[in-house]
Amino acid sequence: MAKLSLESGGIVKIDWKAYTPSIYQALTGINGEKALRRVKENVKLLIEMGKERELPLLVVSTLVVPHYIDEFEVYNIAKCIAELNPETPYVLLAFAPQHLMHDVPTTSRRHMESVYKAALDAGLKEVYIGNIWLLR
């Protein structure tokens, strides 16, 4: 996908669920240790591949799930990304209750503001909030 995106001028989006392996596993049902190792490898690879490109090759996003994804999680994800390239776009997405997680509330505006600040504090320069209309 990265090679095709380089050739076509597209981008690759990686959804980085959590920094802590147990939280990653709770949110996805897969082995958090292995998944995080793979995510970190892929982020590093894509940042390296996109170095010579004017537009970013990679965009990373995190779904801000209340009671799971907090300032600690976002700060540490953002720090990993910033150490590779602080210009990498990072999108924080509001969570809305669906399917199996219908008992978890929608992301609050206050919660989103605090994780947004954490991402900036970690050294990222391109941090965005997606789907703002969902914030409560």
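Refer to the structure presented above.
Residues numbered from 1 in each chain as written. Predicted model: local features only at pLDDT ≥ 70, side-chain atom pairs only at ≥ 80, totals over all residues. Heavy atoms only, no water.

(A) Representation of the overall build of the chain in the model. Within the chain, the secondary structure is distributed over five helices and four strands. Listed N to C, the secondary structure of the chain is α-β-α-α-β-α-β-α-β in terms of helices and strands. Taking 14 Å as the expected radius of gyration for a compact globule of 136 residues, we find that the chain reaches 15 Å, a close match to that expectation. Seen along its three principal axes, the alpha-carbon backbone of the chain occupies a region of about 45 × 30 × 25 Å. The burial tally for the chain puts 40% of its 136 residues in the buried class. In the chain, once contacts between residues fewer than 6 apart in sequence are set aside, the share between residues at least 24 apart is 72%. Counting only carbon and sulfur atoms, one obtains 55% of the accessible surface of the chain, whose full area is about 7900 Å². For the chain, the distance from the average position of its 16 positive side-chain charges to the average position of its 16 negative side-chain charges is 3 Å. (Helix = DSSP H or I, 4+ residues; strand = E, 2+ residues; numbered from the N terminus. Rg over C-alpha atoms; globule rule 2.2 N^0.38 Å. Buried < 20%, exposed > 50% of the residue type's maximum accessible area, 1.4 Å probe, protein only. Contact = heavy atoms within 4.5 Å. Areas by Shrake-Rupley, 256 points an atom, 1.4 Å probe, with all protein chains shown as cover. Lys, Arg positive; Asp, Glu negative; His and termini not counted. Charge placed at Lys NZ, Arg CZ, Asp CG, Glu CD.)

(B) Spotlight on the pairing of strand E1 (residues 12-15). On E1, burial follows the alternation: Val-12 and Ile-14 on one face are buried, whereas Lys-13 and Asp-15 on the facing-out side are not. Relative to strand E2 (residues 58-64), E1 runs parallel, the two being bridged by four bridges. Across the sheet, Ile-14 pairs through a bridge with Val-60, a residue of E2. (Pairing = 2+ DSSP bridges.)

(C) Geometry of the sheet that holds E1. Judged by pairing direction, the sheet is parallel, and its four strands sit side by side in the order E1-E2-E3-E4 without closing on themselves. The open sheet is flanked by E1 and strand E4 (127-130), the only strands paired with a single partner. If you compare each strand with its neighbour and ignore which way they point, the axes differ by 25° on average. Relative to strand E3 (residues 90-94), E2 is paired through five bridges, and the arrangement is parallel. The partner of Leu-63 across the bridge, within E3, is Leu-93. Helix-sheet contacts for helix H4 (residues 71-84) involve E2 and E3, and the interaxial angle to E3 is about 160°. (Axes fitted to C-alpha atoms, helices over the stretch in contact; angles between N-to-C directions.)

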